[in-house]
Amino acid sequence: MTAARPVPSYVLYGEDIPDSSPEFGHIETIAARSSLHDWEIAPHRHVRGVQVMLVSKGQVTLTIDDTTETLEAPCHIVIPAGSIHGFRFRPETIGYVLMLSSGFAERRSSSGDPLLHAATHGRFAPTPVEIVKRVEFLCAEMLAIPQDWRRPNALFLSMAEAVLRSLLPEDEAADEGSGDQRISHLRHLVELHFRDQLPLGWYAERLGMTTRTLTRLCRAKLGCSPQELLHARLALEAQRLLCFANASVVQVSNELGFSDPSYFSRFYLRMTGHRPRLDKSTHAHGSED
């Protein structure tokens, strides 16, 4: 039996482009890429990018991690960075695909900004009929702007923000009820940098507080320490890579910034109660049934 290939990571699907640009923005029609692949986009992920899909006409079946949903147009999908996802479209489906760097969520206006919540948690939902024409107009204008997608101009980014804000309900809380803008900012920093294995002092400095204050804040608002928050995010990503990306234990260890695979294995066992090879093996056998 041939071993499953690891799920690839792209900036733009199917293109081997170095993921080095800190800020990027790209838009294309759904048909531009999916029609070349028989209207099916194989599972992949975007490590440093958020994907927004707008479906105006047709149908899309979304698979994200271990969830599959079939959505009828008009609808929209937001895929957070790192999530393993794929699409199957009904032929001749019409719409747009927007790729934005993870840092785009810094355009949030407050702790309750739905833009931050969507960029870090993702969402899929019907698009209200009354705003379909607006977002179609904005996307068409973005597509017409001449620019290098690796250095998006202010007009492109402003229109991208307008598209997202048109789609997202104003009452979708970004801080999951914590009611504290600092927690919202911390969650976003963790989402952007958890792979970098940065010290707690780095996060505290960017939040304008001491490490001790950060620890007190996390325990009061989240019921855990900031280190536990970081470790939980690392463990979630490790499970995602092992179970859904077909990555090896060594590959996951390297990608998540561990200096030694054996140390990663001990970390994974402590966080999940299972050894990484066991979780990977169990999922692989389950997929064959």
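The structure under discussion appears in the preceding block.
Student: What exactly am I supposed to notice about the nonpolar core here?
Tutor: Nonpolar side chains in soluble globular proteins tend to end up buried together. Formed by 30 residues in total, the largest nonpolar core has its most connected members in Leu-186, Val-190, Tyr-203, Leu-214, Val-252, Leu-256 and Phe-264. Elements with a minimum of two residues in this core: helix H5 (181-193), helix H6 (200-206), helix H7 (211-222), helix H8 (226-244), helix H9 (249-255) and helix H10 (261-272). The leading source of residues in this core is H8, at seven residues. In contact with Tyr-203, not counting residues within four places along its chain, are Leu-186, Leu-189, Val-190, His-193, Phe-194, Leu-198, Leu-214 and Leu-230.

Student: Teacher, can you tell me more about the pattern of salt bridges here?
Tutor: Pairing is possible between side chains that carry opposite charge, provided their charged atoms lie close to one another. Tallying each qualifying case throughout the model produces 13 salt bridges. The residue Arg-90 makes a salt bridge to Glu-72 at a minimum N-O spacing of 3.6 Å. Placement of the pair is Arg-90 in the loop between strand S7 (85-89) and strand S8 (94-101) and Glu-72 in strand S5 (residues 67-72), with a sequence separation of 18 residues. Residue classification places Arg-90 among the partly exposed residues on the basis of a relative accessible area of 39%. The partner of Arg-233 in a salt bridge is Glu-191, with the nearest N and O atoms 2.8 Å apart. You can see Arg-233 sitting in helix H8 and its partner Glu-191 sitting in helix H5, a full 42 residues away along the chain. Since its relative accessible area comes to 10%, Arg-233 is described here as buried.

Student: Which parts of the structure should I look at to understand helix H2 (residues 114-121)?
Tutor: Side chains three or four residues apart in an α-helix point the same way, a direct result of the helix having 3.6 residues per turn. Burial of H2 is extensive: seven of the eight residues sit out of reach of the surface. The secondary structure elements touched by the buried residues of H2 are strand S3 (49-57), strand S6 (75-79), strand S9 (123-126), helix H4 (154-167) and H5. Downstream of H2 by one or two residues, Gly-122 has phi in the positive range, about 80°.

Student: Would you take a moment to explain the side chain of Thr-61 for this structure?
Tutor: Looking at the secondary structure, you find Thr-61 in strand S4 (residues 59-64). According to the relative accessible area criterion, Thr-61 is buried, its value standing at 8%. A polar contact is formed between the side chain of Thr-61 and the side chain of Thr-70, at a distance of 3.0 Å. Ignoring anything within four residues of it in the chain, the contact list for Thr-61 reads Thr-68, Glu-69, Thr-70, Gly-86, Phe-87 and Arg-88.

Student: Help me understand the packing of aromatic side chains in this model?
Tutor: Tallied over the full model, the rule gives eight aromatic pairs. Relative to Tyr-13, the ring of Tyr-10 has its centre 5.4 Å away and its plane inclined at 75°; by these criteria the two rings are edge-to-face. Judged by centre distance (5.1 Å) and plane angle (45°), the ring pair of Phe-258 and Phe-267 falls under tilted. Accessibility assignment for this pair places Phe-258 and Phe-267 in one class, buried. Among the aromatic side chains, those forming a connected cluster through ring pairs are Phe-258, Tyr-263, Phe-264, Phe-267 and Tyr-268.

Student: Looking at this structure, I do not really get the sheet that holds S8. What am I missing?
Tutor: A sheet is described by the order of its strands in space; here five strands give the open sequence S1-S8-S3-S6-S9, paired in antiparallel fashion. Two strands lie at the open edges of the sheet, namely strand S1 (25-29) and S9, each paired on one side alone. Within the sheet, the average angular offset between the axes of one strand and its neighbour, ignoring direction, is 10°. Bridge count for S1 against S8 is five bridges, and the pairing is antiparallel. Looking across to S8, one finds that His-26 is bridged to Met-99.

Student: How should I be thinking about the sheet that holds S5 in this particular structure?
Tutor: Through backbone hydrogen bonds, the strands of a sheet pair up, either in parallel or in antiparallel fashion. With antiparallel pairing, the four strands of this open sheet are ordered in space as S2-S7-S4-S5. What marks the edges here is a single partner per strand, and that holds for strand S2 (40-44) and S5. Looking at each pair of strands side by side, their axes are set apart by 15° on average, direction ignored. Both S4 and S5 contribute to a ladder of six bridges, which runs antiparallel. The residue bridging Thr-61 from the neighbouring strand is Thr-70, located in S5.

Student: What am I meant to see in the pairing of S6 here?
Tutor: Look at any regular strand and the pattern is simple: side chains alternate between the two faces of the sheet. The element S6 is largely enclosed, with a buried count of five among its five residues. Both S3 and S6 contribute to a ladder of five bridges, which runs antiparallel. In the sheet register, Val-52 faces S6, and the bridge partner there is Val-78. Sheet topology note: the S6/S9 ladder contains four bridges and is antiparallel. Bridge assignment links Val-78 to a residue of S9, and that residue is Arg-123.

Student: What is the right way to read H7 from this model?
Tutor: With 12 residues, H7 should cover 16 Å at 1.5 Å per step; its first-to-last C-alpha distance of 16 Å lies within 8% of that length. The inward-facing, buried residues of H7 contact H5, H6 and H8. In the stretch just after H7, Gly-223 is the one whose phi turns positive, near 75°.

Parameters at a glance
- Residues numbered from 1 in each chain as written.
- Predicted model: local features only at pLDDT ≥ 70, side-chain atom pairs only at ≥ 80, totals over all residues.
- Heavy atoms only, no water.
- Core = buried A, V, L, I, M, F, W, Y, C linked by side-chain atoms within 4.5 Å.
- Buried < 20%, exposed > 50% of the residue type's maximum accessible area, 1.4 Å probe, protein only.
- Helix = DSSP H or I, 4+ residues; strand = E, 2+ residues; numbered from the N terminus.
- Contact = heavy atoms within 4.5 Å.
- Salt bridge = Lys/Arg side-chain N within 4 Å of Asp/Glu carboxyl O.
- Polar contact = N/O pair within 3.5 Å; in protein donor to acceptor, adjacent residues only side chain to side chain.
- Phe/Tyr/Trp six-rings, centres within 6.5 Å; stacked < 30°, edge-to-face > 60°.
- Pairing = 2+ DSSP bridges.
- Axes fitted to C-alpha atoms, helices over the stretch in contact; angles between N-to-C directions.
- Expected span 1.5 Å × (residues − 1).

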